[in-house]
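Below are the chains, spelled out letter by letter.
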Amino acid sequence: MKKQGVLEDSLIWFGAAVSIAEIITGTYFSSLGFTKAMAAIIIGHIFGCFLLYLAAIIGARLNMSAMESVKYSFGSKGFAIFAIINIIQLVAWTGIMIYDGAIAAGNIFNIGNWIWSLVIGFLIIFWIFIGIKNLGPVNKISMTLLFVLSLVLAFVIFKNRGASLGISGNELSFGNGVELSIAMPLSWIPLIADYSKDYDNYKKSSLASVLAYGIVSFFMYTIGLSASLFAGTNDIGEIMLKSGVGVLGLLIIVLSTVTTTFLDAYSAGVSANSLNKNIDIKKCGILVTIIGTIGAIIFPMDDITDFLYFIDSVFAPMIAILIADFFIIKIDRTDEDFYLKNIIIWIIGFIIYRILLNTDVIIGATFLSILITIALTLIVEKITKRSKI
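Residues numbered from 1 in each chain as written. Predicted model: local features only at pLDDT ≥ 70, side-chain atom pairs only at ≥ 80, totals over all residues. Heavy atoms only, no water.

Draft legend 1. Region of interest: the pattern of salt bridges. Counted by the stated rule, this structure contains three salt bridges. Between Glu68 and Lys277 there is a salt bridge, and its shortest N-O distance comes to 2.5 Å. Separated by 209 residues along the polypeptide, Glu68 in helix α4 (residues 66-69) and Lys277 in the loop between α13 (247-275) and α14 (281-298) bring together distant segments of the chain. In this structure Glu68 comes out as buried when scored by relative accessible area, which is 14%. A residue is classified by how much of its surface remains accessible, and Lys277, at 55% relative accessible area, is exposed. Between Arg333 and Glu381 there is a salt bridge, and its shortest N-O distance comes to 3.1 Å. A residue pair is termed long-range when its members are at least 10 positions apart, and Arg333 in the loop between α15 (305-329) and α16 (340-359) and Glu381 in helix α17 (residues 365-388) qualify at 48 residues. What makes Glu381 buried here is its relative accessible area of 10%. Counted as one network, the salt bridges with shared partners bring together Asp325, Arg333 and Glu381. (Salt bridge = Lys/Arg side-chain N within 4 Å of Asp/Glu carboxyl O. Helix = DSSP H or I, 4+ residues; strand = E, 2+ residues; numbered from the N terminus. Buried < 20%, exposed > 50% of the residue type's maximum accessible area, 1.4 Å probe, protein only.)

Structural data, given as structure tokens:
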């Protein structure tokens, strides 16, 4: 099998970060004011990207896709819990991304949001048809274009950003801000090993991929924050109009939506294939794109904060247990069908996260819930070992 080089790997994750959803999420921070918002974004991205890097390393070392690597902690059948949830959330992400892209594009060039949804959906299918192994030349061209366009957009926004200290009506605590910053990197944890397993030099490529994603994601959040403060609104379409970016904004919206959503749809196929090897990854990815496009046309998907928190509550305790098992305990559970102890710990971790989210932890619910879940995994392992002696 052809392995991917460091540049190709980095470009994939560059494209994942240049996303309208990242910019939109950045706008949610405006009520904190620029200084506090930037602190929350930096803290969240450092921790979230560290977890993303560990997930990439685990998948690369096991030479397994993201969901297959979950077998290490939850068993050869237990992993299916997360694979099914992952497929559902990826279908939802596909719909959300197409919806956001269509709404934003429609605000600049109004030909109907449903038409933009179809255009974006078609381009995503085209990306899937080309295939991850053949995207090198296309990615180099599209990522260069996106980078230049994003720099111009940033220049326009930063040049015009006033002295606004915050926007009322969208109150966000610092702890929830950290949580939203962690949420985007964490949302890629169920996907990154789908690509890191094919890295030629997995250590260099994993680091380069996560750095490319983290830096550009931070940049996108900052654009969203600054644009919101400049425009005095959290509406991305209105921001684009007030920024006067016109066709430039349209190109960014459409191209960034395609390069990001392609990964969601393709990885849904990879997760489905991990459940049944007879499932064709490309065909499944195309089906997910079609479903997501229909969903984007039919359903409103304006506020994704609760969706991001749900993803965190599922996958934060999952990666915590996987980290504890792989790096500390170093015991492979793949030979068991369902490793019930870890499934129970995951349920407890899920509940802990939801409780912490409602108590507004200043460092973010993810950070503390992961530490608690790792500690709980180690304690249970130690207790069960003693009971066997």
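Still more to cover.
Draft legend 2. Focus on empty space enclosed by the protein. Tallied over the entire structure, the rule returns four cavities of 30 Å³ or more. If you add up the space inside the largest cavity, you get close to 80 Å³. Surrounding the largest cavity, Ala16, Ser19, Ala21, Glu22, Trp93, Met97, Met184, Ser187, Trp188, Thr260 and Asp264 form its lining. Elements represented by at least two residues in the lining of the largest cavity include exactly α2 (20-27), α6 (80-108), α9 (174-187) and α13. Per-class residue counts for the lining of the largest cavity are six nonpolar, three polar and two charged. (1 Å grid on protein atoms, 1.4 Å probe; cavity = no way out; pocket = protein on both sides within 12 Å on 5 of 7 lines; lining within 4 Å. Points joined across faces, edges and corners; volume = space filled by probe spheres on them. Nonpolar A, V, L, I, M, F, W, Y, C, P; charged D, E, K, R; others polar.)

Draft legend 3. Representation of the nonpolar core. Counting residues in hydrophobic clusters, the biggest one holds 113 residues, and the most contacted among them are Trp13, Phe29, Trp93 and Tyr213. The biggest single contributor to this core is α15, with 15 residues. In contact with Trp13, not counting residues within four places along its chain, are Trp188, Ile192, Tyr195, Tyr199, Ser209 and Tyr213. (Core = buried A, V, L, I, M, F, W, Y, C linked by side-chain atoms within 4.5 Å. Contact = heavy atoms within 4.5 Å.)

Draft legend 4. Geometry of the packing of α6 against helix α7 (residues 113-130). Between α6 and α7, whose axes approach to 8 Å, the crossing angle comes to 125°. The pairing of α6 with α7 is recorded here as oblique in orientation. Along this stretch, α6 crosses α7, giving a crossing that reads as right-handed. When α6 is examined against α7, the residues Ile98, Gly101, Ala102, Ile103, Ala105 and Gly106 are found in contact with a partner set consisting of Asn113, Trp116, Ser117, Ile120, Gly121 and Ile124. Residues that form the contact of α6 with α7 fall into these classes: seven nonpolar, five polar and no charged. (Axes fitted to C-alpha atoms, helices over the stretch in contact; angles between N-to-C directions. Parallel < 35°, antiparallel > 145°, perpendicular 65-115°, else oblique. Left-handed = near helix turned anticlockwise from the far one by under 90°.)

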